[in-house]
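Listed below are the residues making up each chain.
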Amino acid sequence: MMSAFFEALQQKFGARTQSMSAEREDEVYLLVGDPDIRAVVEYLRSELDARLVTVFAEDRRFSERVFYNYYVFERKGETSYLIVRAPVQPECPEFPSLSAGLPAVNWQEREIQDWFGLKAVGHPNPRRVALHDNWPDVHPLRKDFPLETVLPPFEGERHIYRPALGEGVFQVPVGPVHAGTIEPGHFNFAAAGEPILYLQLRMFYTHKGTEKLFEKLPIHKAVFLAESISGDSSFSHGTAFCHAVERAAQIEVPLRALIMRTILLELERICNHVADMGAIATDVGFAVANAHASRLKEMLVGVNEQLTGNRLLRGMVCIGGVRRGWDAAQLGALRAAIDAFARGFQDLLALIDSSESTRDRLEQTGILRPEKAKDLGIVGVAGRASGMDLDVRRDHPYAAYSRYTFRVPVYQAGDVSHRMQVRADEVRESLGIIRCAAEESLHGDFRAQVPPIPADRCALSAVEGWRGEILHWIRTGPDNHLERCKIKDPSLNNWPALVEAVQGNIIADFPVINKSFNLSYSGTDR
Amino acid sequence: MFKILQKTFATGIVTTKYPDEPAQVPEGFRGRPSFDFERWKDARPAADVCPTGAIFVCDEGGSRRVTVDYGLCVFCGLCAEASPDQAIRITQEFELASTDRRNLVVTAKYRLNADHTHQQLIEMWCGDGDVEAGVKSIGQKAREQIHKLLRRSLAIRQVDAGSCNGCEFEIVALNNPVYDLERFGIHIVASPRHADMLLVTGPVTRNMELALLKTYQAMPEPRVVVAVGACGISGGIFGKNYASLGGVDKVVPVDVYIPGCPPRPQALLHGILLAVGRLKGKLLPDRQK
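Undergrad: For this particular structure, what's the right way to read the overall build of chain A?
TA: Within chain A, the secondary structure is distributed over 18 helices and 15 strands. Here the C-alpha atoms of chain A give a radius of gyration of 23 Å, agreeing with the 24 Å that 2.2 N^0.38 yields for 526 residues. Within chain A, the proportion of its 526 residues that are buried is 54%.

Rendered as structure tokens:
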């Protein structure tokens, strides 16, 4: 099927497409001749209705005298990813930008500009995004930039925000240090009276060189770095990373481990969803609901710890499987907690539903329209509340998801209330998955023998974290190290959705709208 | 309204008794790795697998110096799995907060064998004193003081200086009904101007350095700073690089260090209470003026 597709592409674009190779059956690479892939992208999107999942770059100057840009596509109904690899010559470090027609890649193209020094020509807003304006002219992900480089002190203006002009229009700067216990980022509101006219975001305050650091750590240690990409998604990111390495090295993970991973991934989802539902209730003044939600969350965190030795599920996933098996007592504790949680969760939903004033604040607040969600490439919970029918668990099954049936909730309304509803639905589905998985016979190996990881293999892995689609793309290097590790947290896609959703809402509703997305700053900034 | 009250009464009290009673932690919980330095015959396998370099081996001439830094430890337990001599045991201890960074580091000096294993322990030390006086006793001391310390209220301003949000996950948990920080009169407040304590997470990114410094400067005196988690103490797995400064004390003076990745809520509470003691120390000289 893929070769027919390649022929169609070659007929249409001739010499532009150079070769096609399937690293594995669900991961196909298409090499094109030059960085201008606009026509190919246009064809894939309009003719085949493919979705551009992510864009990233790689510095291969020292082995192939070239940079590569990667464009990852997926298509409804097909489990395989198509990855278009476009060379960018070091003598002419630029590539045509796609952002004008495809706002979804706006930040990702600018990341390539900042981190690799490749210019996105024709970008509608080519300013820095991943490095702040007062950083010196460095490109940290280039191979000739050492990780430990000591940069000179800051000089000049940190970031210039667009002025908000007009009678009665004023600006409200918030952050990077916020009033609550949340991560740092700067929000600059332009408001006329109460309603927000325009929100400008300044992220990457928590940028800590993660992708670069992946190139330095031995692979088994890098698992712990993957767990620290976004703490609340430790297990999802850890699994995505291990999965990528396992694919690259063709390691077959025992079924027992796959089922255990599935259970833990769903536990992570439930924990965070219920906490978010409580937090959303708090932000509209319904603190009692949050007390119950955080109590329920704490119950699950306790189970996390019983199953993995860590409240955030850390130190459990490893290359080849998981580090420990579970005995009957642990599985019994899991089943008991799931049952108790399910009862408590029903009560919580009833409690929230009984509060008319809460419902009133959530409905029609912070609307993200489906067509905007599509343009911006919104994924995960926020995407599904705005008509984006995407779920990696169903579309590109990994771990043991193909063994279980579950529903993917999709709504069109796109307001806070529906982002809440998606979470509530997903919690119920996750409970079902865990119940089925915990009934399976969990015997046998839980960890495969891991051979030395072969060098120069590429692999993509995708995991539906509780926020949405997490992607890890790696190229292995010699001595159990990595040449490159690209991480895409769903938050990176979804921040622009917040900008869209707050427009016209009052500033007082910003916290609840923000919470309904609950994006990871660390996952974005890396 | 009636439903809400009904639910509240049906739920009952869920708050833990910690610190009045020891914390109940599940069996598999990975706390402080404990080292039997006498028995330890080779530190290299553990040092090789440690993701953050918390176990560090340095050979000089005929001797070997092994340092174990709880300020770098992410409590993954790999060291215990990698050591064939069973000299490392994962305990359930989590009350590891210290007012002195040096007390989190244990150093042991060994005579070296020809095959590069160690022969015998020559000496070991922790911070200024011996190991007993260092790491182990800290928890106890704080617990004895707790009742005396809790007569006052405390306002905390939290700053994320580049954490992965794992520490925030646990700091938020401190406010849930189970840990209920406010029962001690401790509040997390919105402004540094109202705060006695700065609770800082993350390795301090280059981009957060200025914000952290400004937040600290905005606080009235006396003030204490608590560095949370492996990253806050030492940079943790991120260490020091082009974007990360490698710990809170590179930017502001730190009074208490709380190890963990992340520290569990009780460990945070323990560290916060330890810092309350420091704050009291800072208050007294003022009054004597």
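Undergrad: What is the right way to look at the overall build of chain B in this model?
TA: When helices and strands are counted, chain B shows eight helices and 11 strands. Out of the 289 residues in chain B, the part that is buried amounts to 48%. In chain B, 76% of the contacts between residues at least 6 apart in sequence involve partners at least 24 apart.

Undergrad: Whenever I open this one, the domain arrangement of chain B confuses me. Can you help?
TA: When the parts come together, some accessible area is lost, and that loss is often what is quoted as the size of the interface. Segmentation of chain B into domains returns domain 1 (33-136) and domain 2 (138-288). Classifying every residue of the side of domain 1 of chain B that touches domain 2 of chain B gives 11 nonpolar, five polar and two charged.

Undergrad: I tried to follow the sheet that holds strand E15 (residues 482-488) of chain A on my own but got confused; where do I start?
TA: Two orientations exist for strands paired in a sheet by backbone hydrogen bonds: parallel and antiparallel. Residue and element names in this part refer to chain A. With respect to topology, three strands assemble into an open sheet ordered E13-E14-E15, the strand pairing being antiparallel. Two strands lie at the open edges of the sheet, namely strand E13 (458-464) and E15, each paired on one side alone. Averaged over all pairs of adjacent strands, the angle between strand axes in this sheet comes to 15°, irrespective of strand direction. Examined bridge by bridge, E13 and strand E14 (residues 469-476) share seven bridges and lie antiparallel to one another. Bridge pairing links Ser461 to His472 in E14. In the packing of helix H7 (residues 234-248) onto the sheet, the strands contacted are E13 and E14, and the crossing angle to E13 comes to about 150°.

Undergrad: Just checking my understanding: could you explain the domain arrangement of chain A for this structure?
TA: Residues and elements named next belong to chain A. Examined at the domain level, chain A breaks down into domain 1 (2-121) and domain 2 (210-525). Measuring from the centre of the C-alpha atoms in domain 1 to the corresponding centre in domain 2 gives 28 Å. Taken together, the contacts link 18 residues of domain 1 with 18 residues of domain 2. For the side of domain 1 that touches domain 2, the secondary structure elements donating two or more residues are strand E1 (17-24), strand E3 (50-60), strand E4 (66-75), strand E5 (81-88) and helix H4 (106-116). It is E3 that contributes the most residues to the side of domain 1 that touches domain 2, five residues altogether. Tallied by class, residues from the side of domain 1 that touches domain 2 come to nine nonpolar, three polar and six charged.

Undergrad: Help me understand H4(A) in this model?
TA: Helical geometry note: an α-helix holds 3.6 residues per turn, so side chains three or four residues apart project in the same direction. All names here are of chain A. Most of H4 sits inside the fold, with 11 of its 11 residues counted as buried. If you follow the buried residues of H4, they end up packed against E3, E4, strand E7 (119-121) and helix H16 (490-502). Looking one or two residues beyond H4, the residue adopting positive phi is Gly117, at roughly 70°.

Undergrad: Can you walk me through the interface of chain B and chain A in this structure?
TA: With 46 residues of chain B at the contact, the number on the chain A side is 47 residues. Those elements that provide at least two residues to the side of chain B that touches chain A are helix H1 (2-11), strand E7 (154-160), helix H5 (166-173) and helix H6 (209-217) of chain B. The biggest single contributor to the side of chain B that touches chain A is H5(B), with six residues. Here the side of chain B that touches chain A is composed, by residue class, of 25 nonpolar, 14 polar and seven charged.

Undergrad: In this structure, what is going on with the environment of Phe29(B)? I would like to understand it.
TA: Along the chain, Phe29(B) turns up in the loop between H1 and strand E1 (33-35). For Phe29(B), a count of 21 C-beta atoms within 10 Å corresponds to the buried category. Sequence-distant contacts of Phe29(B), defined by excluding residues within four places in its chain, comprise Glu305(A), Gly309(A) and Gln92(B).

Undergrad: Honestly, the packing of helix H6 (residues 219-227) of chain A against H7(A) in this entry has me stumped. Any pointers?
TA: Between two packed helices, both the angle of their axes relative to each other and the distance between the axes serve to describe the pair. Residues and elements named next belong to chain A. Interhelical geometry of H6 versus H7 gives an angle of 150° and a closest axis separation of 7 Å. Comparing their axes, H7 and H6 come out roughly antiparallel. When the axes of H6 and H7 are compared, the crossing they make is right-handed. Contacts between H6 and H7 involve Ile219, Ala222, Val223, Ala226 and Glu227 on the former and, on the latter, Ser234, His237, Gly238, Phe241, Cys242 and Val245. Split by residue class, the contact of H6 with H7 holds seven nonpolar, three polar and one charged.

Undergrad: Just checking my understanding: could you explain the environment of Ala192(A) for this structure?
TA: Residue and element names in this part refer to chain A. Along the chain, Ala192 falls in strand E9 (residues 186-192). For Ala192, a count of 14 C-beta atoms within 10 Å corresponds to the partly exposed category. Each C-alpha atom, one on Ala192 and one on Pro511, is 18 Å from the other, the two residues being 319 residues apart in sequence.

Undergrad: Any chance you could explain the packing of helix H10 (residues 328-354) of chain A against H1(B) here in plain terms?
TA: Where H10(A) meets H1(B), the closest approach of the two axes is 10 Å, and the angle between their N-to-C directions is 155°. Between H10(A) and H1(B), the angle is such that the two are roughly antiparallel. When the axes of H10(A) and H1(B) are compared, the crossing they make is left-handed. Where H10(A) approaches H1(B), its residues Asp347(A), Leu351(A) and Ser354(A) are matched on the opposing element by Lys3(B), Ile4(B) and Lys7(B). Grouping the amino acids of the contact of H10(A) with H1(B) by side-chain chemistry returns two nonpolar, one polar and three charged.

Undergrad: Explain the environment of Tyr29(A) to me, please; I cannot follow it from the model alone.
TA: Residue and element names in this part refer to chain A. Within the secondary structure, Tyr29 sits in strand E2 (residues 27-32). Counting along the chain gives 41 residues from Tyr29 to Tyr70, while the straight-line C-alpha distance between them is 9.4 Å. Setting aside chain neighbours within four positions, we find Tyr29 in contact with Met20, Ser21, Glu23, Ile83 and Arg85.

Undergrad: Is there a simple way to think about the nonpolar core in this case?
TA: A general tendency of soluble globular proteins is for nonpolar side chains to be buried together. Grouped together as the largest cluster of nonpolar side chains are 233 residues, with contacts concentrated most on Val245(A), Val200(B), Val225(B) and Val226(B). Contact partners of Val225(B), with chain neighbours within four places excluded, come to Leu198(B), Val200(B), Tyr216(B), Val248(B), Val252(B), Pro253(B), Val254(B) and Asp255(B).

Undergrad: Quick question: what am I supposed to make of the sheet that holds E9(A) here?
TA: Residues and elements named next belong to chain A. With respect to topology, three strands assemble into an open sheet ordered E8-E9-E10, the strand pairing being antiparallel. The strands lining the two open edges of the sheet, one partner per strand, are strand E8 (169-174) and strand E10 (196-202). Strand-to-strand twist across the sheet, computed as the mean angle between neighbouring axes with direction ignored, equals 15°. The sheet contact formed by E8 and E9 spans six bridges and is antiparallel. Across the sheet, residue Val172 finds its bridge partner in E9, namely Phe189.

Undergrad: What is the right way to look at unusual backbone geometry in this model?
TA: Excluding glycine, most residues fall at negative phi; most peptide bonds, likewise, are trans. Cis geometry is found at the peptide bond from Gly175(A) to Pro176(A), where omega equals 15°. Its place among the elements puts Pro176(A) in the loop between E8 and E9. Cis geometry is adopted by the peptide bond preceding Pro262(B), which originates at Cys261(B) and carries an omega value of -15°. Position of Pro262(B) relative to the elements: it lies in the loop between strand E11 (256-258) and helix H8 (265-288).

Undergrad: Help me out: how do you make sense of the pairing of E13(A) in this one?
TA: It is a general feature of regular strands that their side chains alternate between the two faces of the sheet. Among the seven residues that make up E13(A), seven are buried, leaving the element largely enclosed by the rest of the structure. With antiparallel pairing between neighbouring strands as the criterion, E13(A) and E14(A) make up a hairpin whose turn holds four residues, including Gly468(A) at a positive phi of roughly 150°.

The rules behind these values
Residues numbered from 1 in each chain as written. Chains lettered and ligands numbered in written order. Predicted model: local features only at pLDDT ≥ 70, side-chain atom pairs only at ≥ 80, totals over all residues. Helix = DSSP H or I, 4+ residues; strand = E, 2+ residues; numbered from the N terminus. Rg over C-alpha atoms; globule rule 2.2 N^0.38 Å. Buried ≥ 20, exposed ≤ 12 C-beta atoms within 10 Å, placed from the backbone. Contact = placed C-beta atoms within 7 Å. Domains from an automatic or database assignment. Nonpolar A, V, L, I, M, F, W, Y, C, P; charged D, E, K, R; others polar. Pairing = 2+ DSSP bridges. Axes fitted to C-alpha atoms, helices over the stretch in contact; angles between N-to-C directions. Parallel < 35°, antiparallel > 145°, perpendicular 65-115°, else oblique. Left-handed = near helix turned anticlockwise from the far one by under 90°. Core = buried A, V, L, I, M, F, W, Y, C linked by C-beta atoms within 7 Å.

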